[in-house]
Amino acid sequence: MGREPETGAFNSLRIKVSGSLQDQVVYNVGGIENCTHFKKKDSLFRFSEGCLLMKRWDELSNLFNQIGAKVTFELNALIERRESTVEKGLWIGDWQSQNAREFMKYTISKAYKIDSYEFGNELCGGGIAARVEAGQYGKDIIALKNIVKELYPDPKTQPKVLGSGGFYDEKWFNTFLEVSGQGVVDIIMHHIYNLGPGDDPNLITKIQDPFYLNQIAQTYKNISNVMDKFGPWSGAWVFEAGGAFDSGHKDVSYLC
């Protein structure tokens, strides 16, 4: 029989519930009754929409509570949007918040602690599989902030709102923070995979080149500058980092 995790053993640990398919997940609450698993499909990341059962969420939350970890939950930011027929990869329309609202209400009813909500995965700039324009994203994250403030009225226990969880793009980040305005985004998120794709044949050379590795310092300076200009009330986190994306490369580690 496996050993039970020790209570509070990971109280300095932060667990992020998210991933590449996060913007294809709906939550089995409210009017969502047909809860299906992911299936292979010619869609984002070659998978269909999937569903998080509340029974599964109960199991995960009980584990998080037992070990004392802080939880960041990434919300589906593409729900009910549609892909543009003019520009491939661009998703348009307002974010439909009802499913996220019902999920939060369920989470609150169970007294599950959430440290922060992140809005979507890698939708900024040019995106990865999908992208949302900065002005639209800023408008939608205001809506998310308002829901969080409404459902968690106590500032002491109110989860932080995080955005934008992707690779830094100066113009996109500037616009997003200008539109969202003061006090909306608590933490500015970005990802760092400064070695590029795992199938790069020059990866071994890159990881041993101090000059190449030091170039990433400019990204940190840029983030600091955009925070000073458009979001001085915010913090900054790197929530995904490693060498090379797409599972790294032989003899090169991949960290996430």
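Our structure is the block above this text.
Each value, and the rule that gives it
- Residues numbered from 1 in each chain as written.
- Predicted model: local features only at pLDDT ≥ 70, side-chain atom pairs only at ≥ 80, totals over all residues.
- Heavy atoms only, no water.
- Pairing = 2+ DSSP bridges.
- Helix = DSSP H or I, 4+ residues; strand = E, 2+ residues; numbered from the N terminus.
- Axes fitted to C-alpha atoms, helices over the stretch in contact; angles between N-to-C directions.
- Contact = heavy atoms within 4.5 Å.
- Parallel < 35°, antiparallel > 145°, perpendicular 65-115°, else oblique.
- Left-handed = near helix turned anticlockwise from the far one by under 90°.

**With respect to the sheet that holds strand β4 (residues 70–75)**
Right, on to step 1. As summarised here, the arrangement of the 6 strands in space is β1-β4-β7-β8-β9-β10, forming an open sheet in which the pairing is parallel. Two strands bound the open sheet, and with one partner strand each, they are β1 (14–17) and β10 (235–242). Averaged over all neighbouring strand pairs, the angle between strand axes comes to 25 degrees, with direction disregarded.
Right, on to step 2. Here 7 bridges tie strand β9 (residues 187–193) to β10, and the two strands are oriented parallel to one another. What sits directly across from Y193, in β10, is G242.
Right, on to step 3. Sheet contacts for helix α3 (residues 134–151): β4, β7 (116–119) and β8 (160–163); angle to β8, the most-contacted strand, approximately 165 degrees.
Right, on to step 4. Docked against the sheet, helix α7 (residues 217–230) engages β9 and β10, running at close to 165 degrees with respect to β9.

**What to know about the packing of helix α4 (residues 170–180) against α7**
Right, on to step 1. One can describe the packing of α4 onto α7 by two numbers: an axis separation of 10 Å at closest approach and a directional angle of 25 degrees. Overall, the two elements α4 and α7 adopt an arrangement that is roughly parallel. Judged by the sense of rotation from one axis to the other, the crossing of α4 with α7 is right-handed. Along its contact with α4, which presents F173, N174, L177 and E178, the element α7 presents I223, V226 and F230.

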